[in-house]
Structures are given as structure tokens and as C-alpha cells.
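# Descriptive structure summary
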Amino acid sequence: MSDAKQKSVDVASQQMIEQAEAQNIKIVWDRYDTMQPQCGFGQLGICCRICNMGPCRIDPFGEGPQKGVCGASADTIVARNLLRMIATGAAAHSDHGRDIAEALLLAAEGKAHDYGVNNPVRLREIATLYGIKLDGKKDLEIAGEVALKALSEFGQQEGELRFISRAPKKTQDLWRKLGVTPRGIDREIVECMHRTHMGVDNDYKNIIMHGLRTALSDGWGGSMIATELSDILFGAPNPIKSKVNLGVLKENYVNVVVHGHEPTLSDVVVQAAEDAELIKLAKKNGAEGINIVGMCCTANEMLMRHGIHSAGNFLQQELAILTGSVELMMVDVQCIMPALAELANCFHTELITTSPKAKFPGVTHIGFDEKRAMEISKTIIKRAVENFKNRRKERVVIPQETMDLVAGFTAEDIPYIIGGKYRSTWKPVNEGIISGRLRGVAGVVGCNNPNVRHDFGHTEMVKELIKNDVLVVVTGCSAIANAKMGLLKPEAALKFAGNGLREICEAVGIPPVLHVGSCVDNSRILIACSKIVEEGGLGESLSDLPVAGAAPEWMSEKAISIGFYFVASGVFTVFGTPQPVLGSQKVTDFITKDLENIVGGKFAFEVDPIKAAHLMIAHIDKKRQGLKLKPMMYQNG
Ligand code: SF4
Ligand code: MSK
């Protein structure tokens with residue numbers, strides 16, 4: 001197998017990896033290789049640099065130091081490091097949610113004219129959840145109150161986050177009993193930092209339980225606010241056809257790659273690119289038009305709502321620039337490699353940062369301001385158009401690969417799609433599970449990581465799951481990986497799904513793998529699971545459900561936070577490579593065994609995607625037995 005094939009299963013990526021090699025340009029896989037061997041203390045989580053008596057590290061072989069200078073054990077150090085990862089992940093998601101809430105408030109106050117309420121139905125649902133009176137009020141008035149309520153959840157000191165009430169009652173009661181119901185989003189994150197300051201919380205169990213609380217403030221707080229308020233501002237997604245992979249870059253067009261996470265800018269950029277003056281200018285500059293494509297989760301946001309093509313997932317961000325066809329890459333926050341700046345300098349590509357929170361040295365910054373969203377979007381696109389003349393045609397290598405897909409599923413529209421227009425209900429899903437046609441549901445989410453063959457973990461796992469009649473929902477970079485493999489097409493059911501799942505997909509015309517959005521949209525999965533419980537017949541709490549989660553190629557701290565809010569919600573969740581906890585047997589046992597008896601969910605680490613899929617299937621079967629469901633209708637596999 002060639003080197004490029006070992007690095008990625010995606011043919012387009014393989015081609016660009018070879019291009020980088022031919023041009024002697026170092027990219028993420030090369031940097032990963034030069035980093036070997038990576039620090040074993042870091043991998044095991046037993047390095048502490050929390051205070052200036054350290055850094056301290058525990059000898060994993062039991063021969064050297066077993067305590068830090070302050071006396072902290074490996075258990076304390078591992079748990080504290082893990083809690084800080086959860087805090088950072090939760091902060092990233094939640095700050096994204098805060099930005100969306102601020103944009104909604106500006107729109108409601110008439111200060112951001114490029115935004116408005118695009119989903120009055122959801123607006124009213126969320127307003128009702130927040131206890132806002134609706135009578136006689138106009139959309140924008142309600143939107144202002146919703147935005148203020150949402151913003152108040154960040155600084156709330158006591159009580160419970162409002163969206164917690166959307167979980168099944170039994171799950172809520174358990175959280176209350178355990179003391180892990182989040183009070184306020186910022187409060188839980190700040191408390192993580194306090195507890196992990198030198199000389200505060202030393203009890204690994206107590207530390208991890210606060211991790212659960214913080215993660216819940218992400219999944220049922222910041223992320224859910226981001227999803228719901230984005231749906232209000234930009235409209236809820238509906239099933240939509242699109243294309244994915246580097247082949248969506250067009251040879252004769254001005255190519256603009258929008259990369260990052262927040263839809264506030266990208267949603268307006270999509271409209272700005274349709275501006276007649278800019279298209280005219282592009283043609284004057286020798287291009288046929290303007291081609292906006294997405295990367296990572298911004299891609300998912302634009303894909304879900306507008307069908308904008310996705311150029312790829314996390315490990316493809318450098319590969320897009322390597323095609324020599326990208327006039328401009330605009331980035332906001334999260335998952336943007338610092339390496340892009342130097343790489344863009346090797347090509348004509350202009351890199352533009354837009355968030356005051358994420359500037360890169362030497363890179364042009366055009367600060368985004370919601371009050372001038374369209375004006376700023378047009379300024380950026382104009383720069384791309386003017387840069388087209390600097391493209392060096394002889395350096396352009398665009399892989400041909402593209403794949404069709406259907407995206408745009410949500411917890412609100414899945415019942416319509418499956419239940420029919422006049423029977424909007426989760427009943428067919430519940431009945432499918434109860435009758436043994438469907439085994440259960442799995443959420444496969446998260447990033448790419450050069451420590452795993454690119455896209456291999458996601459796609460092999462998902463194929464194995466659907467073969468065994470597990471309906472799969474995907475988000476983030478996993479969604480893009482599976483889309484590239486053709487698994488997000490309805491036809492994929494015929495080729496890959498087990499008989500039971502295939503029958504359902506054929507009857508309804510859906511793919512066996514449903515794209516439900518970006519990283520923050522994992523909150524859609526929580527809502528879908530809650531609705532399935534509410535529908536009846538499958539237990540009373542989330543942990544009763546025959547469902548499982550996975551992040552086979554995880555990379556970011558956000559993935560850790562997501563994993564923890566799924567586990568805290570009662571879901572068995574498999575990570576590919578282990579979290580940095582193996583330096584403490586006690587912490588490892590606590591999160592991979594003991595938590596199941598406490599919250600109903602637990603972690604497993606399994607890098608082989610087929611074995612990992614079977615851990616999930618075994619868990620789903622265990623839950624089916626617990627619910628005394630019928631045996632599976634078909635024996636696949
Ligand atoms: Fe070392 Fe303790 Fe300071 Fe950590 S907190 S660096 S273990 S002395
Ligand atoms: S972009 S967090 S690499 S999924 Fe949301 Fe992808 Fe992971 Fe970033």
C-alpha cells in the first residue's frame with residue numbers, strides 16, 4: 001500500500017497528499033511523523049504543569065516518582081487534566097452558542113439588518129420552553145426575549161438550565177439526585193478551572209462528576225442554544241441534496257473556502273456570493289463565476305441549510321489549498337490549523353481571519369461585525385474575485401472526486417419524513433425497534449486525526465453498524481467522511497444496510513445514515529433520543545434506549561465534552577484512540593466501568609472500527625434484552 005493510501009482511504013485526499021510530497025510541502029501527516037515518538041506522559045495524562053513547583057510527572061512503571069511535588073497522585077493529575085479538557089470543549093461550543101444568541105439579540109433590536117427570524121415556529125417553541133408569553137407579540141419581539149433568556153443561561157448562578165427539562169423525567173431526576181444538573185454554563189466551566197487549581201479538588205471521582213455536570217451544560221446548554229437559535233435565525237434544515245469532496249472546487253471559478261464553525265458569517269457569505277456586481281466582476285477577471293464551498297463544520301452549517309458543497313473534513317483543510325485553485329480561505333473559530341498561514345503563502349491563496357478570538361500572525365484580519373454582515377461578506381468575496389488573476393494555472397490540480405449526498409435531517413423533521421406529513425410521530429422508529437426490524441440507533445461523530453487512517457474509522461464503523469440494522473446519525477467531520485464514501489445517499493441502503501434497515505429506508509426514501517449537522521448539532525441527537533423515549537415502548541430514561549455513540553477519529557477537546565455529555569445522558573460511547581487517562585487505572589475504570597452504574601452510560605476505547613461497532617451492537621442488544629424486545633427480524637452480517 002502506498003504511503004498516501006495508508007494515510008487516508010479517500011482517493012481525493014490520497015492524490016493531494018502525493019502532490020504535497022511531489023512539491024516537498026510538509027502537511028499534517030508529515031508533522032505528525034516528525035513528532036514521533038509522542039510524549040508518553042502526555043498520552044497517559046500523568047504530566048502536571050498546573051503550578052510552578054512543577055512540571056511534575058508520574059512514572060507509569062512504578063519505579064520513579066508516584067506523587068507530584070505537592071503530593072498529587074496520578075489519579076488526581078489525570079482527572080484534573082481530563083476536567084480541563086472537558087471545560088475547554090464545553091467553552092468552545094458554548095461560546096459559539098453565545099455568539100448566535102448575541103446575533104439574534106442584535107437582529108431583534110434592529111441593529112443587524114442582515115439577520116431576521118427565519119423560523120417563527122421554532123421561535124415560538126423555544127420561547128414557550130423559556131416561559132415567555134407569546135400573546136400578540138411580533139416575531140422580533142419574541143426573538144429579543146428568547147435571546148436574552150438564552151444569554152442569561154450563561155451567567156446563571158443557581159437553578160437549572162432550561163433545556164434540561166427536555167430530557168426524560170427519569171433522566172432529569174437522576175441528574176438531580178447525583179447533583180450534576182448544570183446551574184449555569186459559565187459557572188460550571190469556571191468551577192472546572194477553580195477545582196483544578198493547585199490544591200483544590202483531589203478526589204478523582206468528585207472531579208469527574210463535575211466533568212459530567214460541565215459537559216451537560218454544553219450538550220443541554222451551550223450547544224443546544226447554538227443549534228436552536230441558529231435554526232431560528234437561519235431557518236431549520238430540511239433534507240437537501242448536495243456534493244462533497246475536493247472535486248467541488250471548480251477550475252474556472254473563483255473558489256472561496258469557508259472554514260470554521262459559526263454560521264453567522266457563512267450564512268451571509270452564501271447570499272453575498274450571489275451578488276450580481278460581484279459575479280460581473282468575477283467574469284471581468286476571467287472566471288465563470290463564484291464558487292463558495294465549505295470546510296469542516298462551517299461546511300456542515302452551509303450544507304444543511306443551503307446545500308452548499310463541502311470540500312472536505314478536518315484533515316482536508318490543507319489539501320484544499322494544495323489544489324492551487326483556492327483564491328481565498330476565510331476562517332472563524334475552531335479546528336483551523338495554524339499551518340494554513342504558511343501553506344497559503346506557498347500559493348496565491350489569501351487567508352482571512354474574521355473572529356477577534358482567532359487571529360493568526362501575519363494573516364489579514366477582517367473583523368466580522370454582525371451589524372455589517374453583508375458589507376463585510378462582500379468585501380471578503382471581492383478580495384477573492386480580485387485574486388483570481390493571481391492564480392497560476394500550471395499549479396492547479398483539482399481531484400475529480402465528488403460524491404452526491406442528502407443532508408439536512410433534524411429531530412423535528414425526521415418524524416415527518418418517517419411518519420408522513422399527517423402522522424408526524426416517532427412511532428415508526430419506535431415500532432421499527434420494537435418489532436426487531438431496526439436494532440437501534442447510533443450516533444457516530446467527531447473529527448479526523450492523523451493518528452488514525454483518515455476516514456477509515458468513521459466509514460468502516462458506520463458500514464458495520466448499518467449492515468447490522470442500526471440506523472446511524474452523523475455530525476461534524478464524521479458526516480463528511482461518510483458522505484464521501486457514498487453512505488449518505490438513499491441508494492446506500494441497498495448496498496450496505498441490513499434487510500430490516502433497508503426495508504425502512506426504501507419505504508421512506510432516506511439514506512441509512514442521516515446527517516444531522518455540525519458539532520454543536522449533536523444536541524439534535526439528544527432531542528431525538530428524548531422524543532423516542534417520550535413516544536413510548538422503549539423505557540423511561542435515555543439510558544434505557546438501545547442506542548450508542550462513537551467518535552472513532554476524535555481529535556479535539558470538544559469531542560471529549562461531547563463524549564461526556566452523551567455518557568452523562570446515559571449513552572454508551574466508544575472513542576477510537578484512548579482519552580489521556582490510562583496513567584490512572586482508577587480514573588480509567590471509573591469512566592469505562594463504574595459510570596454505567598451511576599449514570600447508565602460509560603466509555604470504551606477501541607481503535608479497530610469493526611470491533612468498536614460490535615461493542616456498540618452488543619450494548620444495543622443488551623438494552624434490547626433489558627426492554628424485553630422481540631429478537632431481530634433478520635440475521636445479517
Ligand atoms: Fe506538580 Fe502538584 Fe504543581 Fe501539579 S499541582 S505541577 S503535581 S506540584
Ligand atoms: S470540525 S471538532 S474536527 S468534528 Fe466541528 Fe471536525 Fe472535530 Fe472540528
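Read on for an overview of the structure. (Residues numbered from 1 in each chain as written. Chains lettered and ligands numbered in written order. Predicted model: local features only at pLDDT ≥ 70, side-chain atom pairs only at ≥ 80, totals over all residues. Heavy atoms only, no water.)

Attention now goes to helix 19 (residues 456-467). Helix length check: helix 19, at 12 residues, gives a terminal C-alpha distance of 16 Å against a target of 16 Å (1.5 Å per residue), a fit within 8%. Within helix 19, burial applies to Gly 457, His 458, Thr 459, Met 461, Val 462, Glu 464, Leu 465 and Ile 466. Once helix 19 finishes, Asp 469 follows within two positions and takes phi at roughly 65 degrees, a positive value. (Helix = DSSP H or I, 4+ residues; strand = E, 2+ residues; numbered from the N terminus. Expected span 1.5 Å × (residues − 1). Buried < 20%, exposed > 50% of the residue type's maximum accessible area, 1.4 Å probe, protein only.)

Here we take up the site of ligand 2. Close to ligand 2 lie His 261, Cys 296, Cys 297, Phe 314, Cys 335, Gly 446, Cys 447, Cys 477, Cys 519, Met 555, Ser 556 and Lys 558. If you map ligand 2 onto the pockets, it falls in the second largest cavity. Each residue belonging to the shell around ligand 2 can be placed in one class, and the counts come to 8 nonpolar, 3 polar and 1 charged. The residues that make up the shell around ligand 2 include at least three from each of domain 2 (246-395) and domain 3 (408-626). (Near = heavy atom within 4 Å. 1 Å grid on protein atoms, 1.4 Å probe; cavity = no way out; pocket = protein on both sides within 12 Å on 5 of 7 lines; lining within 4 Å. Sits in = over half its atoms within 2 Å of the grid points. Nonpolar A, V, L, I, M, F, W, Y, C, P; charged D, E, K, R; others polar. Domains from an automatic or database assignment.)

Turning to the state of the cysteines, a few remarks are in order. Note: disulfide means a covalent bond formed between the sulfur atoms of two cysteine side chains. All told, the structure shown has 0 disulfides when counted by the stated rule. Cys 192 takes part in no disulfide bond, and the closest cysteine sulfur to it belongs to Cys 48, at a distance of 15 Å. (Disulfide = S-S within 2.5 Å.)

Before going further, it helps to spend a moment on the nonpolar core. Within the largest apolar cluster, 175 residues are counted, with the highest numbers of intra-cluster contacts made by Val 146, Ile 292, Leu 465, Phe 564, Ile 591 and Met 616. Of all the elements, helix 5 (residues 74-108) adds the most residues to this core, at 18 residues. In contact with Ile 591, other than residues within four places in its own chain, are Leu 82, Ile 208, Phe 564, Gln 579, Val 581, Lys 602, Phe 603 and Phe 605. Ala 20, Ile 27, Leu 246 and Phe 347 belong to the second largest nonpolar core, which has 40 residues in total. (Core = buried A, V, L, I, M, F, W, Y, C linked by side-chain atoms within 4.5 Å. Contact = heavy atoms within 4.5 Å.)

Quick look at the pairing of strand 12 (residues 470-474) now. Burial runs high along strand 12: 5 of the 5 residues are buried. Taking every second residue as pointing to the same face, both faces of strand 12 are buried, with Val 470, Val 472 and Val 474 on one and Leu 471 and Val 473 on the other. Pairing of strand 11 (residues 440-444) with strand 12 involves 5 bridges; the strand directions are parallel. Directly across from Val 444, in strand 12, lies its bridge partner Val 474. (Pairing = 2+ DSSP bridges.)

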